[in-house]
Amino acid sequence: MREAEMRVPKAFHDEYQTFLRDTGFDNPDPQALLMDLASLSMEVYLKDIAWLSDFIGRVQQAKQKAA
């Protein structure tokens, strides 16, 4: 069973779109993209994995503050 897709809040949308454009990725779900990259090769995508991990953490913090 697949988990629900992570939706990027409007406040973070432009930042994530810039990341996708700069890296050439096209997955609209940051958590799914992180899992895909982690399964491919930690060495090749280490910078992108670190960015996505930080981004997801900031999105989750913003959601908690808003709740």
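Small disclaimer: the values here were computed from a predicted structure and weren't measured.

Calculation rules
- Residues numbered from 1 in each chain as written.
- Predicted model: local features only at pLDDT ≥ 70, side-chain atom pairs only at ≥ 80, totals over all residues.
- Heavy atoms only, no water.
- pLDDT = per-residue confidence, 0-100.
- Helix = DSSP H or I, 4+ residues; strand = E, 2+ residues; numbered from the N terminus.
- Phe/Tyr/Trp six-rings, centres within 6.5 Å; stacked < 30°, edge-to-face > 60°.
- Buried < 20%, exposed > 50% of the residue type's maximum accessible area, 1.4 Å probe, protein only.

Our focus in this paragraph is the confidence of the model for the protein. In the predicted model, the protein carries a mean pLDDT of 88, and the fraction of residues at 70 or more is 93%. Averaged pLDDT values over the elements of the protein bottom out at 88 in helix α2 (residues 30-40) and peak at 95 in helix α1 (residues 10-23).

Glancing now at the packing of aromatic side chains. A complete count under the given rule lists 7 aromatic pairs for this structure. An angle of 20° between the planes, with centres 5.4 Å apart, marks the rings of Y16 and F55 as stacked. You can see Y16 sitting in helix α1 and its partner F55 sitting in helix α3 (residues 46-66), a full 39 residues away along the chain. Overall, the relative accessible area of 1% leaves Y16 in the buried class. Between F19 and W51, the ring centres sit 4.2 Å apart and the planes meet at 5°, which makes this aromatic pair stacked. With F19 in helix α1 and W51 in helix α3, the pair connects residues that are 32 residues apart, well separated along the chain. Assessed through its relative accessible area of 8%, F19 is described here as buried. Feature note: the residues F12, Y16, F19, F25, W51 and F55 constitute an aromatic cluster, connected by ring pairs.

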